Amino acid sequence: MTLSVRRIAPSRALMLRAMVAGSLVLGASSADAQAAAKPSPRVVAPSRAIVAAANVVNIVTTDYAFDMPTSIPAGLTTMRLSNKGKELHHVYLVKVEAGRSSKDVIAWLKAGGPPPKWMRPVGGPNASAGVTEFTSTLAAGSYVAFCVIPSPDGVPHVMKGMLKDVQVTPSTTAPAAPPKADVTLTLKDYDFVFSKPLSPGKHVIAVTNAGPQPHEFFFAKLAPGKTPADMAAFAEKPAGAPPGMPMGGITDILPGDTVYLTVTVPAGEYAFICFDPDAKDGKPHLAHGMIKQISVK
Ligand SMILES: [Cu+2]
């Protein structure tokens, strides 16, 4: 099983807070961009100039739709997710066998049962109050993007029409080099392991699934005095003031896969959580310990 039905179900209060906090995150990003724009004394090696950059795909989510291109060239791709909806949204991206489409995904979801063999989760940007910047290499083929976050009524957004067919077309340009990550996050059964402590500021995090099960992660900046358990409880049943601010993450990737997340993290305490249902007992991975408090300082 790779698909979780228990996701963040945001309350109106969470969203109000998220919108306010989101502007702070964006503020930090633009300050960071200004810093990056300062002249650098470093000389850029000529070879760097001819290396192709990632193709940037902007995705805007609303309640309940994706505004994104339906055709993307294969290769290194940055999906930049921003949300204009009242609820939180993410991109759960699957590569499907030729001839399969969103219709088959809906048919499977209605019928229930384990994820079909003809679809393969490849990861995507997870829900945040600001912008989630996710980078991976896409192979040519047919894909379906959908959102499995439930509304407060418990119905996942995909069942409200939040899914889209995307074709990744063969590319003729030279492949771009993967982003240079400054830190690695390894997803395990059942743990989050960073290669080094996270410092405040901008990071490119290489996220690798060391398996054996599929994993995702969602992370949130905790409100003062709140714990990852508070965040998980809120995710299960939103009530009262939200215990943290959604910061993004990645949706399911399979064992052996590596994807990249570009994030700007202010100093503070963070909750990292995997909600994926366990292959053995169906409990969310957080119940097996895949929930962790990370200090950024
Ligand atoms: Cu959604």
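Analysis parameters
- Residues numbered from 1 in each chain as written.
- Predicted model: local features only at pLDDT ≥ 70, side-chain atom pairs only at ≥ 80, totals over all residues.
- Heavy atoms only, no water.
- Helix = DSSP H or I, 4+ residues; strand = E, 2+ residues; numbered from the N terminus.
- Polar contact = N/O pair within 3.5 Å; in protein donor to acceptor, adjacent residues only side chain to side chain.
- Contact = heavy atoms within 4.5 Å.
- Buried < 20%, exposed > 50% of the residue type's maximum accessible area, 1.4 Å probe, protein only.
- Pairing = 2+ DSSP bridges.
- Donors = N, O, S within 2.8 Å, 3.2 Å for Na, K, Ca; no water.
- Arc of directions from axis to C-beta.

> Explain the side chain of H285 here, please?
Within the secondary structure layout, H285 lies in the loop between strand 16 (268-273) and strand 17 (291-296). Within the local environment of H285, its side chain forms a polar contact with the side chain of Q213, the two groups lying 3.0 Å apart. For H285, the side chain forms a polar contact with the side chain of H215, separated by 3.1 Å. Those residues in contact with H285 that lie beyond four places of it in its chain are Y190, Q213, P214, H215, C274, F275, D276, P277, D278 and M290.

> Mind showing me how you'd approach the pairing of strand 15 (residues 258-265) here?
On any regular strand, side chains alternate: one points to one face of the sheet, the next to the other face. Of all 8 residues in strand 15, 7 are buried; the element is thus mostly enclosed. For strand 7 (residues 131-138) and strand 15, the ladder comprises 3 bridges, and the chain directions are antiparallel. Bridge assignment links E133 to a residue of strand 15, and that residue is T262. With 8 bridges joining them, strand 12 (residues 201-209) and strand 15 adopt antiparallel strand pairing. Within strand 15, the residue paired with T208 across the bridge is T258.

> For this particular structure, what's the right way to read the coordination of the copper ion?
Protein-derived coordination of the copper ion comes from H89 (ND1), C147 (SG) and H157 (ND1), at a distance range of 1.9 to 2.1 Å. Linear spacing of the donor residues for the copper ion on their chain is H-x57-C-x9-H. Of this pair, H89 sits in the loop between strand 4 (75-83) and strand 5 (92-96) while C147 sits in the loop between strand 8 (141-146) and strand 9 (163-169); the two residues are 58 residues apart in sequence, bridging distant segments of the chain. Here H89 matches C147 in class, with each residue buried.

> I tried to follow helix 3 (residues 102-111) on my own but got confused; where do I start?
What helix 3 keeps buried is the set S102, V105, I106 and W108. Buried residues of helix 3 fall within an arc of 160° about the axis and therefore sit on the same side. Counted as exposed and oriented over 90 degrees from the buried face of helix 3: K103, K110 and A111. Lining the buried residues of helix 3 we find strand 6 (119-121), strand 8 and strand 9.

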